[in-house]
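What the coordinates show
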Amino acid sequence: MTLKEKFAAFNQFAPVQTATVLGHPFAYRYYKNPDPKKNVTLVMLAGGSGLADGFFYLYDDFMPEYSLLSFSYPMDFRDNASLADAIAALLRTLGAENVYLLGQSYGGLIAQITAKRHPEVIKGMILSGTCGLGKGTDADGLAVLNKMLDPKKIEKNIKTDKRLPLWLLVPMFKLMAGKVVKDKKMRQDFKDIIDICKGSMSGGYFALMDTLLGDVLPYADTETKEDFLPFANEVLIFFSKEDTIFCDSLKQNLVDLMTNPTVVWDLKGGHLAMMTSIDEYVATLAMFIRERNEGYQ
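If you're wondering where the values come from, they're calculated on a predicted model, not measured in any experiment.

The next subject is the packing of helix α3 (residues 80-94) against helix α4 (residues 106-117). The N-to-C vectors of α3 and α4 enclose an angle of 70°; their axes lie 9 Å apart at closest approach. Accordingly, the angle class assigned to the pair α3 and α4 is roughly perpendicular. Residue-level contacts link N80, A81, L83, A84, D85 and I87 of α3 to Y106, I110, I113, T114 and R117 of α4. By residue class, the composition of the contact of α3 with α4 is seven nonpolar, two polar and two charged.

What follows is the structure, encoded as structure tokens:
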């Protein structure tokens, strides 16, 4: 069965639904695990593309064990504070239990903002390919963030996004996948995922994502260890030595923000290591959940 055929089957289990959250529509997929003992919910928070169905690569491994919530970021929440509030409101609406925010790259940043603002609905976080925004960020870290999130650069990107024709987006993403992923089969899988996600692609949506990325900069050098004390021993962090998006000091900043985190420093595969080293990623995550939740003993 191809990935596209598997996705069609998954679409029957977890079709797109829409809730009204804080006065705005919020589209999501929610798979509720039928085993009441398996009551952990993984909330999939996508990176800079914002395309939730990109996580489909992991669903086969996750569906037997967990409830899953995924969504592309709604267009009506255009800053990280309001997006975090909307995510928390959706979790309350769904009655999701034992929630772990699973964030990749930008998803790891919005996970931290959400957890800090709404610790009462979050149990923990599983973060990969991301960084910390803690006080005391060193000069190298601040330089990386300022270069990545420079307001003039973000403004230019937004203007470019809005002009991008839809016909160009899919081949552009496939070209990027070909450069990042070296394994032939995995490269084809990534291209299939891009085809699965293409209905969510638009210049306007990517302009939203650049807007949200730009809004991260005010959070830099502001978070404290006390902000995340409610999640002591409930944070799993994955890094790849081949991932150079964030410098080493920004990675260490994330570790230092958390109390007793579990940290994997050398997952293979660079920025997309959670998918390119999927077996190790899933096995480590499963052990982490099993050690902290009775239904997984």
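Turning next to the environment of T2. Tracing the sequence through the fold places T2 in the segment before α1 (3-13). For T2, a relative accessible area of 41% puts it in the partly exposed group. For the pair T2 and N98, spaced 96 residues apart in sequence, the C-alpha separation works out to 32 Å.

One recurring pattern in soluble globular proteins is that nonpolar side chains are buried together. Within the largest apolar cluster, 105 residues are counted, with the highest numbers of intra-cluster contacts made by L42, F62, Y73, I126 and Y281. For this core, the leading source of residues is α3, giving 10 residues. With near-sequence residues (within four places) excluded, F62 lies in contact with L42, M44, L68, L102, Y281, V282 and L285.

So, about helix α10 (residues 248-257). Here α10 has its buried residues at L250, K251, N253, L254, V255 and L257. In the core, the buried residues of α10 are packed alongside α4, β6 (124-128), α5 (139-148), β7 (235-238) and β8 (262-264).

Note that side chains of opposite charge can pair when their charged atoms are close. Taken as a whole, this structure holds eight salt bridges when the rule is applied. K32 is the salt-bridge partner of E97, the closest N and O atoms lying 3.8 Å from each other. Taken together, the residues span a long stretch of sequence, with E97 in the loop between α3 and β5 (99-104) and K32 in the loop between β2 (24-31) and β3 (41-45) at a distance of 65 residues. The salt bridge partner of E291 is R292, with a shortest N-O separation of 3.3 Å.

Strand pairing within a sheet occurs via backbone hydrogen bonds; the two strands may be parallel or antiparallel. If you walk across this open sheet you meet the eight strands as β1-β2-β4-β3-β5-β6-β7-β8, and the pairing is mixed. Two strands close off the open sheet at either side, each with one partner strand: β1 (17-21) and β8. Between one strand axis and the next, the sheet turns through 20° on average, direction left out of account. Sheet analysis places β2 next to strand β4 (residues 67-70), joined by three bridges and oriented antiparallel. Paired with R29 across the two strands is S70, which belongs to β4. Across the face of the sheet, α4 comes into contact with β3, β5 and β6 while running at roughly 145° to β5. Here helix α12 (residues 278-292) sits on the sheet and contacts β3, β5, β6, β7 and β8; the angle it forms with β7, its principal contact strand, is near 165°.

With the rule as written, the count across this model stands at 15 aromatic pairs. Here F7 and F10 contribute two aromatic rings whose centre-to-centre distance is 6.5 Å and whose plane-to-plane angle is 40°, an arrangement assigned as tilted. One end of the pair is F7 and the other is F10, both in helix α1 and three residues apart, which spans about a single turn. We classify F7 as buried; its relative accessible area is 12%. Measuring from centroid to centroid gives 5.2 Å for F7 and F56, while their planes differ by 90°, and the two rings are edge-to-face.

Here we come to the environment of A86. Within the secondary structure, A86 sits in helix α3. It is 6.5 Å that separates the C-alpha atoms of A86 and L22, two residues lying 64 residues apart in sequence. For A86, the contacting residues outside a window of four places in its chain are V21, L22, F26 and F77.

Once that is clear, we can look at the layout of surface pockets. Put simply, the second largest pocket is a space of about 300 Å³. The wall of the second largest pocket is formed by 16 residues, among which V16, A27, F71, S72 and S200 lie closest to the centre. Broken down by element, the lining of the second largest pocket gets its largest block of residues, five residues, from β2. Residue classes in the lining of the second largest pocket are distributed as nine nonpolar, five polar and two charged.

What counts, and where the lines are drawn
- Residues numbered from 1 in each chain as written.
- Predicted model: local features only at pLDDT ≥ 70, side-chain atom pairs only at ≥ 80, totals over all residues.
- Heavy atoms only, no water.
- Axes fitted to C-alpha atoms, helices over the stretch in contact; angles between N-to-C directions.
- Helix = DSSP H or I, 4+ residues; strand = E, 2+ residues; numbered from the N terminus.
- Parallel < 35°, antiparallel > 145°, perpendicular 65-115°, else oblique.
- Contact = heavy atoms within 4.5 Å.
- Nonpolar A, V, L, I, M, F, W, Y, C, P; charged D, E, K, R; others polar.
- Buried < 20%, exposed > 50% of the residue type's maximum accessible area, 1.4 Å probe, protein only.
- Core = buried A, V, L, I, M, F, W, Y, C linked by side-chain atoms within 4.5 Å.
- Salt bridge = Lys/Arg side-chain N within 4 Å of Asp/Glu carboxyl O.
- Pairing = 2+ DSSP bridges.
- Phe/Tyr/Trp six-rings, centres within 6.5 Å; stacked < 30°, edge-to-face > 60°.
- 1 Å grid on protein atoms, 1.4 Å probe; cavity = no way out; pocket = protein on both sides within 12 Å on 5 of 7 lines; lining within 4 Å.
- Points joined across faces, edges and corners; volume = space filled by probe spheres on them.

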